[in-house]
Amino acid sequence: MRSAYPLFPLGSSLVETVWIIVIAAVALVLLALLATRLLTGRGTSVSEGAGRAEGLGGSSVALEEREPDLGDALTDVLDGSPVESTDTSTGTSADVLDESTVDESTVEQLEEALAEERLVEEPLVKPSFFDRLGKARTALSGYLGGLVGLGQVDDEAWEDLEEALIRADVGVGVTMKLIADVQGKAKEAGVDDGAAILDLLKGEMRAELAGKDRSLVIDEGETNVWLFVGVNGVGKTTTIGKLGRRLADEGNSVLMAAGDTFRAAAAEQLTMWAERSGAEIVRGNEGGDPSSVIFDGIQAAKARDCNIVLADTAGRLQNKSNLMDELSKVRRVAAKDPGHVSEVLLVIDATTGQNGMTQAKVFAEAVEVTGVVLTKLDGSAKGGIVFAIESELGLPVKLVGLGEGLGDLVDFDPDAFIDALFA
């Protein structure tokens, strides 16, 4: 019988059996090698994945891809990076915006969208004097509280009242006048109890602040210039920024002039406020001539149909004489056609107390101050500086700062102010 396997012509059944065994063995070896390869590859992937997970958090965690949102896309485009979008149906990624598809107009639109998002502000909410003058009220009531329950105000009580007013920074001259007026009214009315004396004091304080023109002047058809003067740190730039927002909301076209060229980052700070309030901005080089910057600002305001220029000024030079000379020059330059100086506002920090009076006197000698902005009144326990400024300098307090918010710079209301102090 002829064998079916030509390599083994003998056709022995033994040979056939051996051949089958060899083939089976080879197949088993091949299967074993394939299985080993598969298991080795899987083990490597698991080890690498576990290693990455341990590197991130110290334990194996499931890492999920985050779908990019609009903010990521905008940021990537502005940074010049391609934006990838993952196809959730196929799991593949594709470049949606690359260098070939992002033109300048697209970038500008995205920049404007981001700017608008950053500059969204809460509606301006006017604060109340009562809510914000807690410190001043607490301090004053601590001195005057004992007076209310007195059946008769004796000499010692009058001395305590005098001391309380002086401690509140009302000023010695104003305090003596108030005490004399109250004593006169009390004698005429025939009253001497503590509650009645305090009522008379409130009335005299109201009278002391009455009759002042606290309006902010905007002359029609003019390029109005409002100069802001004061030492560094009192809040001139912040005041300009808050006032710019308010004026813009009232329908005015505002330009800000960064005339404080001597303070580092002053121009940058004012530029930020201009962007927030939608105002124009003119700035010069650091260390440059402040008068030139303000003059350029006035010219730009005329060309751009802006009816108000809010001009920042320097608050520190090498010495007082240099500063006052510079401010006098700024005032003269700002008044040149087409400029029309309608306000010169002296900014004073209320927390400085009587030191603010010293500043006010120096600035009033150099420029024709039309009014005072009293900042940080909410943080002061000595609100009496208002009386000292108005009585001794004859300057009306036109604006006061009652907080850090955009709407916290408000018109000064004497009645609300006094009511808040004695509430």
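Use the structure listed above.
Residues numbered from 1 in each chain as written. Predicted model: local features only at pLDDT ≥ 70, side-chain atom pairs only at ≥ 80, totals over all residues. Heavy atoms only, no water.

We now examine the side chain of Asn-252. Within the secondary structure layout, Asn-252 lies in the loop between helix H9 (236–249) and strand S4 (254–258). For Asn-252, a relative accessible area of 18% gives the class buried. Engagement of the side chain of Asn-252 in a polar contact is seen with the side chain of Asn-307, the distance being 3.0 Å. Setting aside residues up to four positions removed in sequence, Asn-252 forms contacts with Ile-218, Leu-247, Asn-307 and Ile-308. (Helix = DSSP H or I, 4+ residues; strand = E, 2+ residues; numbered from the N terminus. Buried < 20%, exposed > 50% of the residue type's maximum accessible area, 1.4 Å probe, protein only. Polar contact = N/O pair within 3.5 Å; in protein donor to acceptor, adjacent residues only side chain to side chain. Contact = heavy atoms within 4.5 Å.)

What follows deals with the packing of helix H7 (residues 172–189) against helix H8 (residues 194–209). Here H7 crosses H8 at 125 degrees, and the two axes come no closer than 9 Å. The angle between H7 and H8 places the two elements in the oblique class. For H7 against H8, the interelement crossing comes out right-handed. Touching Lys-177, Leu-178, Asp-181, Val-182, Lys-185 and Ala-186 of H7 are Ile-197, Leu-200, Leu-201, Glu-204, Met-205 and Glu-208, all from H8. Split into classes, the residues belonging to the contact of H7 with H8 amount to seven nonpolar, no polar and five charged. (Axes fitted to C-alpha atoms, helices over the stretch in contact; angles between N-to-C directions. Parallel < 35°, antiparallel > 145°, perpendicular 65-115°, else oblique. Left-handed = near helix turned anticlockwise from the far one by under 90°. Nonpolar A, V, L, I, M, F, W, Y, C, P; charged D, E, K, R; others polar.)

On to the pairing of strand S6 (residues 308–312), then. By the criterion of burial, S6 is predominantly enclosed, with five of the five residues buried. Across five bridges, strand S3 (residues 223–229) lies against S6 in parallel orientation. Pairing of Asn-224 across the sheet is with Ile-308, part of S6. When S4 meets S6, the two strands line up parallel, connected through five bridges. For Val-254, the partnering residue across the bridge sits in S6 and is Ile-308. (Pairing = 2+ DSSP bridges.)

Here the focus is the pairing of strand S9 (residues 397–401). Of all five residues that make up S9, five are buried, and the element is covered over most of its length. Judged from the three bridges that link them, strand S8 (residues 371–375) and S9 form a sheet pairing that is parallel. Within S9, the residue paired with Leu-374 across the bridge is Val-400. Of the strand pairs in this sheet, S9 and strand S10 (residues 409–411) are connected by three bridges, and their pairing is antiparallel. Paired with Gly-401 across the strands is Leu-409, a residue of S10.

This paragraph deals with the packing of H8 against helix H14 (residues 385–393). Where H8 meets H14, the axes come as close as 10 Å, and the angle between the chain directions of the two elements is 50 degrees. Relative to H14, H8 is oriented oblique. In the packing of H8 onto H14, the handedness of the crossing is left-handed. Across the interface between the two elements, Met-205, Glu-208 and Leu-209 from H8 touch Val-386, Phe-387, Glu-390 and Ser-391 from H14.

Right, let's get into the sheet that holds strand S7 (residues 339–349). Reading across from one edge, S5-S4-S6-S3-S7-S8-S9-S10 is the order of the eight strands in this open sheet, with mixed pairing throughout. Taken across any chain shown, the strands that pair with only one partner, and hence form the sheet edges, are strand S5 (280–283) and S10. Taking the axes of each pair of neighbouring strands and ignoring which way they run, one obtains an average angle of 25 degrees across the sheet. Against the sheet, helix H11 (residues 290–303) touches S3, S4, S5, S6 and S7, its axis set at about 165 degrees to S4.

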